[in-house]
Each structure stands twice: as C-alpha cells, then as structure tokens.
Amino acid sequence: MQIRETSIAGLVELTPRVFHDDRGMFFESYNEQIFKQLGLPTNFVQDNQSFSKKGVVRGLHFQKAPFSQGKLVRVISGKVLDVAVDIRPESPTFGKHEIFELSSEKNNIAYVPEGFAHGFVALEDSIFSYKCTNIYNKESESGILWNDEDLAINWGVEDANVSDKDAILPTFRSLFGDLKI
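No experiment lies behind these values; they were computed from the predicted model shown.

Cut-off values and rules
Residues numbered from 1 in each chain as written. Predicted model: local features only at pLDDT ≥ 70, side-chain atom pairs only at ≥ 80, totals over all residues. Heavy atoms only, no water. Helix = DSSP H or I, 4+ residues; strand = E, 2+ residues; numbered from the N terminus. Rg over C-alpha atoms; globule rule 2.2 N^0.38 Å. Buried < 20%, exposed > 50% of the residue type's maximum accessible area, 1.4 Å probe, protein only. Contact = heavy atoms within 4.5 Å. Core = buried A, V, L, I, M, F, W, Y, C linked by side-chain atoms within 4.5 Å. Salt bridge = Lys/Arg side-chain N within 4 Å of Asp/Glu carboxyl O.

Asks: Residues and numbers for the overall build of the protein chain, please.
Replies: A count of helices and strands for the protein chain gives 3 helices and 14 strands. Relative to a compact globule of 181 residues, whose C-alpha radius of gyration would be 16 Å, the protein chain shows 16 Å and is just as compact. Residues classed as buried in the protein chain amount to 46% of the 181 residues present. Partitioning the intrachain contacts of the protein chain with sequence separation of at least 6 by distance along the chain shows that 78% fall at a separation of at least 24.

Given below as structure tokens:
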C-alpha cells in the first residue's frame, strides 16, 4: 500500500496494490498490521455507506468531542471529490482544506483524522464507504456550510444538490470566530 502525505498533518491518501486477472480484481482496503506500521488508527467501531447521485454534496460534517471521529473513506463505485477541512484550532493548518479525487477505478482511500470537517461531492452516481473510529452521537453532530466563502472550496460542480439540513449549516467564522484561515 502506498501512502501520500498531504500538506495537513495526519491527513493521508492511501493507494492499495490492486491485483487484476481475467476474473476481475482484488485489493485490501484495510489491513490492521499495515495501518499500525503506517501509524494510522486501527480501532474502527462503525462502518457507514451511502449512495449519492451525480451532483450531490454531503457535508461538511463533524462530531464534537468526546465523539470526534476519524474516518477511513473510499468509493465502492463511481467517483467523488472528497474534502477535509482542518478544524483543530491549535493546528498550523487550521482552516485549510485538502481535496482528494476518490474513485472505484483507482481504489484509493483517504484517512481523515479526528478534528476535521468532512464532505464530498459525487462526480458520478457513487457508493461511498467510511469506517469510523468513534460511534455516531446525535448531540455531538455539527457541520460547516459546504460553500462557505471563507473556506473557498472548489467543489467542481455548478448545480449542487444539497440537503435542506446541510444548506443551513453555520459558517466556519460563526463556529470558530475571526481567526485567520
């Protein structure tokens, strides 16, 4: 498995070795021993899966402590732009974001640590899977407006399909103040 460090500490992209033959293909999307060697979490306690039609934006979501979640995310079918925003106030990259293009063709995976807001836009009809390091807790649920002007995320879509709930999420500034991002 190859690992690509990003400009934000702890946020990484993983590309597994994929074995192809005349029957199809095979790859490991998770291997505890390899994850330990890479210094990544190995205690995932909840798996989630969603289906999103092309143009659907989900996010930017996060859970507040003590229910913060790290997420191991991948696309089972389709292609998405996956976005992670550093919301750790003490981090030198606080307010910065990274974008990954995750696809079932490439089979790449992103690890989004605790302390990040996370979302994605489906570039094609997509099945999205994520393993979480903590359980979901409704009272700890929070988020940031997907098209927040201060974050200036290029989602790559013009007519985004956003849920009513996500369309009214607060801005980064309203949650974290006038800190420079």
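Asks: Break down the nonpolar core for me, with residues and values.
Replies: One finds L60, V85, I144 and W155 to be the most contacted residues of the largest nonpolar core, which totals 18 residues. Looking at this core, the elements that each hand over two or more residues are β6 (56–63), β8 (79–86) and β11 (116–122). With 15 residues, the next largest nonpolar core counts V75, F100, V112 and F128 among its residues.

Asks: Would you mind going over the pattern of salt bridges in detail, with residue names and values included?
Replies: Counted according to the given criterion, the structure contains 9 salt bridges. Across the pair K36 and E32 runs a salt bridge, and its minimum N-O distance is 3.8 Å. With K36 and E32 both in helix α1 (residues 32–37), this residue pair falls 4 residues apart, about one helical turn. Given the relative accessible area of 41%, E32 is considered partly exposed. Taken together, the salt bridges that share partners define one network made up of R4, E13 and K106.

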